[in-house]
Amino acid sequence: MTEDSKPNIVLVHGGWADGSSWSGVIENLQAEGHKVTAPQFPLTALADDVDRLRHVLDLQDGPTIVAGHSYGGQVMTALGTQAPNVVGLVYIAAFGIDEGESLGGLLSQGPPTPALEHQFVDNEGFVWLTEDDFVNHFASGVDPVKAKVMYATQQPLSGSAFSDEMGVPTWKSLPSWYMVAQDDQAIPPDAERMFAERMGATTIEIPAGHLPMVSHSAEVANLIESAAKAVPVTA
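Residues numbered from 1 in each chain as written. Predicted model: local features only at pLDDT ≥ 70, side-chain atom pairs only at ≥ 80, totals over all residues. Heavy atoms only, no water.

### Quick look at the overall build of the chain
The number of helices and strands found in the chain is 9 helices and 9 strands. The C-alpha radius of gyration of the chain comes to 16 Å, within 12% of the 18 Å expected for a compact globule of 235 residues. Judged by the C-alpha coordinates and their principal axes, the chain covers about 50 × 40 × 30 Å. Across the chain, the fraction of contacts at a sequence separation of at least 24, relative to all contacts at a separation of at least 6, is 72%. Here the chain has roughly 9800 Å² of accessible surface; of this, 50% comes from carbon and sulfur atoms. Measuring between centres, the 10 positive side-chain charges of the chain sit 6 Å from its 30 negative side-chain charges. (Helix = DSSP H or I, 4+ residues; strand = E, 2+ residues; numbered from the N terminus. Rg over C-alpha atoms; globule rule 2.2 N^0.38 Å. Contact = heavy atoms within 4.5 Å. Areas by Shrake-Rupley, 256 points an atom, 1.4 Å probe, with all protein chains shown as cover. Lys, Arg positive; Asp, Glu negative; His and termini not counted. Charge placed at Lys NZ, Arg CZ, Asp CG, Glu CD.)

### Here's the deal with the sheet that holds strand β4 (residues 86-92)
For sheets, the rule is that strands pair by backbone hydrogen bonds, running either parallel or antiparallel. Across the sheet, 6 strands lie side by side as β2-β1-β3-β4-β8-β9; this open sheet has parallel pairing. Because the sheet does not close on itself, it has two edges, and the strands there are β2 (36-37) and β9 (202-206). (Pairing = 2+ DSSP bridges.)

### Some words on the pattern of salt bridges
Here the structure, examined in full by the defined rule, presents 5 salt bridges. Between Glu-225 and Lys-6 there is a salt bridge, and its shortest N-O distance comes to 3.6 Å. Remark: Lys-6 occurs in the segment before β1 (8-12) and Glu-225 occurs in helix α9 (residues 217-230); sequence separation between them is 219 residues. Considered together, Glu-225 and Lys-6 belong to a single accessibility category, that of buried residues. Residue Asp-190 is joined to Arg-193 by a salt bridge in which the shortest nitrogen-to-oxygen separation is 2.7 Å. (Salt bridge = Lys/Arg side-chain N within 4 Å of Asp/Glu carboxyl O. Buried < 20%, exposed > 50% of the residue type's maximum accessible area, 1.4 Å probe, protein only.)

### Some words on the packing of aromatic side chains
Tallied over the entire structure, the rule returns 5 aromatic pairs. For the pair Tyr-91 and Tyr-178, a centre-to-centre distance of 5.9 Å together with 5 degrees between the ring planes defines the contact as stacked. With Tyr-91 in strand β4 and Tyr-178 in strand β8 (residues 176-181), this residue pair connects regions lying 87 residues apart in the sequence. Arranged with centres 5.8 Å apart and planes meeting at 65 degrees, the rings of Phe-134 and Tyr-151 form a pair that is edge-to-face. Note that Phe-134 is positioned in helix α5 (residues 131-138) and Tyr-151 in helix α6 (residues 144-152), a separation of 17 residues in sequence. Owing to a relative accessible area of 0%, Phe-134 belongs among the buried residues under this scheme. An aromatic cluster of at least three residues, connected via ring pairs, comprises Trp-16, Phe-134, Phe-138 and Tyr-151. (Phe/Tyr/Trp six-rings, centres within 6.5 Å; stacked < 30°, edge-to-face > 60°.)

### Some remarks on the sheet that holds strand β5 (residues 120-121)
Here we have 3 strands laid out as an open sheet, ordered β5-β6-β7, and antiparallel in their pairing. Looking at the sheet topology across the chains shown, the edges are occupied by β5 and β7 (157-158). Two elements, β5 and strand β6 (residues 126-128), share 2 bridges in a ladder whose sense is antiparallel. Directly across from Phe-120, in β6, lies its bridge partner Trp-128.

### Details of the environment of Ala-228
Checked against the element boundaries, Ala-228 lands in helix α9. Sequence separation of Ala-228 and Val-90 is 138 residues, and the distance between their C-alpha atoms is 9.8 Å.

### Some details on the environment of Glu-101
On the secondary structure map, Glu-101 appears in the loop between β4 and α4 (103-107). Between the C-alpha atoms of Glu-101 and Glu-165, which are 64 residues apart in sequence, the distance is 5.2 Å. Beyond its immediate chain neighbours, meaning those up to four positions away, Glu-101 contacts Leu-106, Asp-164, Glu-165, Met-166 and Arg-198. Here the side chain of Glu-101 touches Arg-198 through a polar contact of 2.6 Å, side chain to side chain. (Polar contact = N/O pair within 3.5 Å; in protein donor to acceptor, adjacent residues only side chain to side chain.)

### Section: the pairing of strand β3 (residues 64-69)
Burial of β3 is extensive: 6 of the 6 residues sit out of reach of the surface. In β3, alternate side chains face the same way, and those of Thr-64, Val-66 and Gly-68 on one face and Ile-65, Ala-67 and His-69 on the other are all buried. Where β1 and β3 come together, 5 bridges link them in parallel fashion. Each bridged residue has a counterpart across the sheet, and for Val-10 the counterpart in β3 is Val-66. Bridge count between β3 and β4: 6 bridges; the pairing is parallel. Bridge pairing in β4 links Ala-67 to Val-90.

Okay, here's the thing in structure tokens:
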């Protein structure tokens, strides 16, 4: 595959994070000759985040792989049947829910996971994570110094994101890949396996916490690169 024929890569960060969470992955993908975009998402409402993703996709000059982490999977799944130029989806410890489901509905099926156990809602309806839950559980497996920096820069997620119901998911019409984080303390690993299985995703598992793009950036980049090599691309 020549550099000109490589698909573009768009990376979608999750809640309580920003585009810089993909830094290590970006370095690896750029070294392989990919055009990579990791925009900042407002996290003010699912519709706002989907609009931002569509805006970024409109700027791509050809076939594009979209990779999402955690809530970022919700955003790319909500593209639905209107995903021009998108040729593949890569879920990194991400929500891959089905039509009629919501994040809150799924998470309420069991006790709160350690990363989300003490989340709190501010007066504007945004959800935050406490420092202990963020550093020790949400970012488990990440160097503690880096985890504290990520905590300091966390972007709160709108509470409405938990109640929004999914329409027709994008993964029903596009090939998908999934990375299960075996030590995830935010999304139960068995839920990730369920997402991957029902979408028929090409699946790998790694011994990582909820932020594999930070703690295992090379492995995440390799999975995205595998997806890029597998999809049809017109030079």
